[in-house]
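# Structural characterization, general
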Amino acid sequence: MMRLAGIAARPLRRLLGVLPWLVAGLLLGVAVHILSVFALPRLAPDDARARLSGVTEVNRLTTLSGRGSVALPLADPAFETAICRFDLSAGPLHVRAPVTPHYTAIALYTATGIAFGAINDRAATRRTLDLFVVTQAQRRELSTDEDETAADNLILVSPTTEGFVLIRALAVQPSLAPIVREQLAAQSLCEILTPEQAPATQ
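Summarised in this report is the structure supplied together with it. What you see is a predicted model, and the numbers here were worked out from it, not measured in a lab.

### Some thoughts on the nonpolar core
Counting residues in hydrophobic clusters, the biggest one holds 24 residues, and the most contacted among them are Leu93, Val95, Ile106, Leu131, Val133, Val165 and Ile167. Ile167 has contacts with Leu61, Glu80, Thr81, Ala82, Val95, Arg96, Ala97, Thr104, Ala105, Ile106, Leu184 and Ser188, leaving out every residue within four places of it along the chain. Core analysis: the second largest hydrophobic core is formed by six residues, Ala107, Tyr109, Phe164 and Leu166 among them.

### Some points on the packing of aromatic side chains
Across all of its chains, the model carries two aromatic pairs by this definition. Ring geometry for Phe79 against Tyr103: centres 6.2 Å apart, planes inclined by 80°, an arrangement best described as edge-to-face. Here Phe79 is found in strand β2 (residues 79–87), whereas its partner Tyr103 is found in the loop between β3 (93–98) and β4 (104–110), with 24 residues between them in sequence. Judged by relative accessible area, Phe79 falls into the buried class, the value being 15%. Residues Tyr109 and Phe164 carry aromatic rings whose centres are separated by 4.9 Å and whose planes lie at 15° to one another, so their mutual orientation is stacked. One end of the pair, Tyr109, is in strand β4; the other, Phe164, is in strand β8 (residues 162–170), with 55 residues separating them in the sequence. Both residues of the pair, Tyr109 and Phe164, belong to the buried class. The ring centre of Phe79 lies 4.3 Å from the NZ or CZ of Arg168, which sits over that ring.

### Quick notes on the sheet that holds strand β5 (residues 115–120)
Spatially, five strands are ordered β1-β2-β8-β4-β5 in an open sheet, and the strand pairing comes out antiparallel. The two strands at the open ends of the sheet, each matched to only one other strand, are β1 (62–63) and β5. Strand direction decides the pairing type here: β1 and β2, joined by two bridges, are antiparallel. Of the residues in β2, the one forming a bridge with Thr63 is Ala82. Contacts from helix α5 (residues 177–187) reach β1, β2 and β8, with the element oriented near 20° to β2.

Definitions and cut-offs
- Residues numbered from 1 in each chain as written.
- Predicted model: local features only at pLDDT ≥ 70, side-chain atom pairs only at ≥ 80, totals over all residues.
- Heavy atoms only, no water.
- Core = buried A, V, L, I, M, F, W, Y, C linked by side-chain atoms within 4.5 Å.
- Buried < 20%, exposed > 50% of the residue type's maximum accessible area, 1.4 Å probe, protein only.
- Contact = heavy atoms within 4.5 Å.
- Phe/Tyr/Trp six-rings, centres within 6.5 Å; stacked < 30°, edge-to-face > 60°.
- Helix = DSSP H or I, 4+ residues; strand = E, 2+ residues; numbered from the N terminus.
- Lys NZ or Arg CZ within 6 Å of the ring centre and 35° of its normal.
- Pairing = 2+ DSSP bridges.
- Axes fitted to C-alpha atoms, helices over the stretch in contact; angles between N-to-C directions.

Written as structure tokens, this is what we have:
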């Protein structure tokens with residue numbers, strides 16, 4: 001009986017001997033995966049910042065129109081797009097987009113393409129969407145009288161000084177695309193505020 005118990009215990013001892021190696025391999029795999037996810041945006045030679053630098057200017061809005069497929073290879077062709085690379089080192093950024101007939105959305109990204117804010121016209125109470133992008137230090141200097149979470153007067157804190165704003169407007173028919181594109185170009189805004197233009201403080 002004892003001999004049978006000893007034979008049965010051998011696979012268990014063998015398994016316990018291999019278990020630490022299995023755990024170590026699993027932890028190593030998880031660590032490599034996490035490091036690669038965080039490092040890839042910084043190591044990629046053709047990241048969002050590199051693709052956009054050739055077609056946009058800093059703190060100035062650019063409508064992409066036919067160039068959208070180059071700068072944004074996975075962009076939905078039903079949307080007209082305007083984009084603005086920003087640098088908050090000179091001050092807060094004011095972003096404005098018109099409420100177009102069908103759908104308008106603004107999304108904010110870091111320079112490496114990580115999203116940190118978004119808004120669309122479904123919550124707007126005016127004919128434009130207005131938001132302010134600030135750094136954490138700039139945010140501490142602002143104490144606004146208005147509701148800073150309102151859809152048309154939003155203040156968003158950027159985790160990085162540099163990034164980009166993406167404005168998309170839906171053209172439900174191809175024939176409407178030039179009209180929507182013109183509306184974006186004429187009524188959208190992306191500019192650094194002077195101290196006089198900054199949101200009023202209490």
